[in-house]
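Structural features, examined
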Amino acid sequence: MAENSDAPLKLSVIGCGYLGAVHAASMAELGHEVVGIEVDVAKAESLAAGRVPFFEPGFEELLRRSLDSGRLSFASDMADARGAAVHFVCVGTPQRRGEYAADLTYVEAATASLIEVLGPGELVVGKSTVPVGTAARLAEQVAARVPGAALAWNPEFLREGFAVADTLHPDRLVYGVPSLSGADTAVDAEKVLDTVYARIVADGTPKVVTDYATAEMVKTAANSFLATKISFINAMAELCEATGADVKQLADAIGHDDRIGRKFLNAGLGFGGGCLPKDIRAFMARAGELGADQALTFLREVDNINMRRRIRMVELARQVCDDSLLGKRIAVLGAAFKPDSDDIRDSPALNVAAQLQLQGANVRVTDPQALPNVRRHWSQLDCVDTPEEAAEGADAVLLLTEWKQYRELDPGSFGKVVRTRRVLDGRNALDREAWESAGWTYRALGRRNV
Ligand code: UDX
């Protein structure tokens, strides 16, 4: 073989939020020389000093190791990306205000400023989640401005809470390459990406090499499928509530069929976060633009089912509080959109907490990691550090994010701080028998007794 596919490369990573910061440090871990470009100077400085501006298990160790190796640095000026063989675009694509569509401002701005420093033979690799058609458009801009440079699309599938493992050991690699997308370039994008991911490829990770549109759609299709799976089981929970059946046993039973599988069949408050909700909405918006909106109308129902769970949780809280929330003390355990994360974007837990408070309840929220974010963005909510403080004198305790430390609470001693032993398990995560035997009234979405 003429070339060594393990040869370390010089890489840049544009945008060092959640995805970019983890990607940059992971690429340095794989042996490459990486510069992370982050326009937020404070964030870039914090990362360069080995301080992680968000909570992600295992990431700080990885970041420090990569910085210590001398292979990772951060900068705020795009000029520092000059000369890298591969430039990863990892900026956010949030939902547009008041619309379903994705806001591509950051992707477009990042690409435009990258083009100013891009050289021939270099490869731009998009990792952000974008509406199908974006990569082809950006590829044209790159080709027009920097002849000899090329663009590939390489979506990521990392989950918060598992970001490091998902980046270093992904369950698949997807490359949308120019040669299969009708673009004519001298850069062999597949070969370059194989060099970047040499260790991951050598692990036998499945790889799909395809055109831009398919690569873009893999990401939105995967997230739509996951959202649909969650809303499916939550729709079953609604029926269980109407019939007296038990959704947890139902999920266990259908999950034994390995065509269905038990994963992502946990009924409860439903999905939130910075990805699933906005990605299914942006997918619907894009389908509409393409004249294919009928194909995705079911996602509107997926979204509706999901949002209904939050309303149902508030109703359930009212029911157990003798049909009135006014002046009732409610303890909310969990604020992050899921455990092992401090991310509160579209958090079902906070949505419920705020509704309860609006309806006159006296709410106290606790979370092991997300409180600084809650205090910053939801200043109207009363935050306390421990579950015991939250539950002091409570009329009801709501488990809304299933952190391990909440799942492992001892219902006996915890019961001593509340006024009335009522627990609402919004994530079907507690040991129901243990709580009931400690004298608690237990209620959950989609379970018997509801
Ligand atoms: C998701 C995708 O899993 C990931 O592949 C993609 O790259 C980004 O979006 P993430 O947002 O980190 O990742 O969270 P995920 O673990 O998928 O959970 C999403 C939401 O669904 C959470 O609010 C979680 O509580 C909820 N959920 C998950 C359920 O309600 N029930 C389940 O069975 C599983």
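Residues numbered from 1 in each chain as written. Predicted model: local features only at pLDDT ≥ 70, side-chain atom pairs only at ≥ 80, totals over all residues. Heavy atoms only, no water.

1. Let's talk about the site of the ligand
- Inspection of the region around the ligand gives 20 residues, with F157, L158, E160, N266 and K338 positioned closest.
- Taking F157, its main chain carries an N or O atom lying 2.8 Å from an oxygen atom of the ligand.
- Protein chains bury 92% of the 680 Å² of accessible surface belonging to the ligand in isolation.
- Per-element tally for the shell around the ligand: the top contributor is helix 9 (residues 212–243), with four residues. (Near = heavy atom within 4 Å. Polar contact = N/O pair within 3.5 Å; in protein donor to acceptor, adjacent residues only side chain to side chain. Areas by Shrake-Rupley, 256 points an atom, 1.4 Å probe, with all protein chains shown as cover. Helix = DSSP H or I, 4+ residues; strand = E, 2+ residues; numbered from the N terminus.)

2. Considerations on the side chain of D343
- Take D343: it is sitting in the loop between strand 9 (329–333) and helix 13 (348–358).
- Owing to a relative accessible area of 8%, D343 belongs among the buried residues under this scheme.
- Ignoring sequence-local partners within four residues, the contact set of D343 consists of E160, G274, A336 and F337. (Buried < 20%, exposed > 50% of the residue type's maximum accessible area, 1.4 Å probe, protein only. Contact = heavy atoms within 4.5 Å.)

3. A look at the domain arrangement of the protein
- Under the domain assignment, the protein is made up of domain 1 (10–210) and domain 2 (226–444).
- Put simply, the middle of domain 1 and the middle of domain 2, counted by C-alpha atoms, are 33 Å apart.
- Each partner contributes to the interface: domain 1 provides 16 residues, whereas domain 2 provides 19 residues.
- Both sides of the domain 1 and domain 2 interface together cover about 1,500 Å² of buried area, and 55% of this is carbon and sulfur.
- If you sort the residues of domain 1 by the area they bury against domain 2, F55, Y100 and E160 come out on top, with a joint share of 49%.
- Close ionic contact of R345 with E160 constitutes a salt bridge, the shortest N to O distance being 3.3 Å.
- Applying the counting rule to domain 1 against domain 2 returns eight residue pairs in polar contact (both at pLDDT 80 or more).
- For the side of domain 1 that touches domain 2, the per-class residue count stands at nine nonpolar, five polar and two charged. (Domains from an automatic or database assignment. Buried area = accessible area lost by both parts, 1.4 Å probe. Salt bridge = Lys/Arg side-chain N within 4 Å of Asp/Glu carboxyl O. Nonpolar A, V, L, I, M, F, W, Y, C, P; charged D, E, K, R; others polar.)

4. Topic: the sheet that holds strand 13 (residues 422–425)
- Across the sheet, six strands lie side by side as 11-10-9-12-13-14; this open sheet has parallel pairing. Looking at strand neighbours, the two that pair on one side only are strand 11 (382–383) and strand 14 (441–444), the edges of this open sheet.
- Here strand 9 pairs with strand 10 (residues 362–366) via five bridges, running parallel. Directly across from R329, in strand 10, lies its bridge partner N362.
- Where helix 12 (residues 297–320) meets the sheet, its contacts fall on strand 12 (396–399), strand 13 and strand 14, and the angle it forms with strand 13 comes to roughly 165°.
- Each of strand 9, strand 10 and strand 12 is contacted by helix 13, which is oriented at about 160° to strand 10, the strand it contacts most. (Pairing = 2+ DSSP bridges. Axes fitted to C-alpha atoms, helices over the stretch in contact; angles between N-to-C directions.)

5. Section: the packing of aromatic side chains
- Under the definition given, this model contains eight aromatic pairs.
- Every member of this aromatic cluster is reached through a ring pair, and the members are Y18, F54 and F59.
- Here R159 stacks its cationic end above the ring of F162, 4.2 Å away from the centre of that ring.
- Residue placement shows R172 over the ring face of F157; its charged tip is 3.5 Å from the ring centre. (Phe/Tyr/Trp six-rings, centres within 6.5 Å; stacked < 30°, edge-to-face > 60°. Lys NZ or Arg CZ within 6 Å of the ring centre and 35° of its normal.)

6. Points about the state of the cysteines
- Here the structure, examined in full by the defined rule, presents zero disulfides.
- C275 forms no disulfide, and the closest cysteine sulfur to it belongs to C90, at a distance of 13 Å.
- Counting only cysteine sulfurs, C321 is the nearest neighbor of C383, a cysteine outside any disulfide, at a range of 20 Å.
- Looking at C383, the relative accessible area reads 12%, which means it is buried. (Disulfide = S-S within 2.5 Å.)

7. Observations regarding unusual backbone geometry
- In the Ramachandran plot, F264 falls in the positive-phi region, its phi being about 60° despite a non-glycine side chain.
- Phi at D323 takes a positive value of approximately 65°, unusual for a residue other than glycine.
- The residue D323 is located in the loop between helix 12 and strand 9 in this model.
- The class of D323 is exposed, set by a relative accessible area of 57%.

8. Regarding the pattern of salt bridges
- If you walk through the whole model with that rule in mind, you get 32 salt bridges.
- A salt bridge links R312 to E241; the nearest nitrogen and oxygen atoms lie 2.9 Å apart. Here E241 lies in helix 9 and R312 lies in helix 12, a separation of 71 residues in the sequence.
- Residue class for E241 comes out buried when judged on its relative accessible area of 16%.

9. Details of the pairing of strand 2 (residues 33–37)
- Counting buried residues in strand 2 gives four out of five residues, a clear majority hidden from the surface.
- Each parallel crossover has a hand, and the one from strand 1 (residues 10–14) via helix 1 (residues 18–29) to strand 2 is right-handed. (Right-handed = clockwise from strand over helix to strand, strands pointing away.)

10. Quick look at the packing of helix 1 against helix 3 (residues 59–68)
- For the pair helix 1 and helix 3, the least separation of the axes is 9 Å and the interaxial angle reads 50°. Taken together, helix 1 and helix 3 sit at an angle that is classed as oblique. Crossing handedness for the pair helix 1 and helix 3: left-handed. On helix 3, the residues touching A21, V22, A25, S26, A28 and E29 of helix 1 are F59, L62, L63, R65 and S66. (Parallel < 35°, antiparallel > 145°, perpendicular 65-115°, else oblique. Left-handed = near helix turned anticlockwise from the far one by under 90°.)

11. Considerations on helix 2 (residues 41–48)
- Turning to helix 2, its buried residues are A44, S46 and L47. All buried residues of helix 2 fall inside an arc of 165° around its axis, so they share one side. In helix 2, the exposed positions angled more than 90 degrees off the buried face are occupied by A42 and E45.
- Residues of helix 2 that are buried in the fold lie against helix 1, helix 3 and strand 3 (72–75).
- The N-capping residue of helix 2, defined by a side-chain oxygen 3.1 Å from the backbone nitrogen of A42, is D40.
- Just past helix 2, the residue G50 takes up positive phi, approximately 85°. (Arc of directions from axis to C-beta.)

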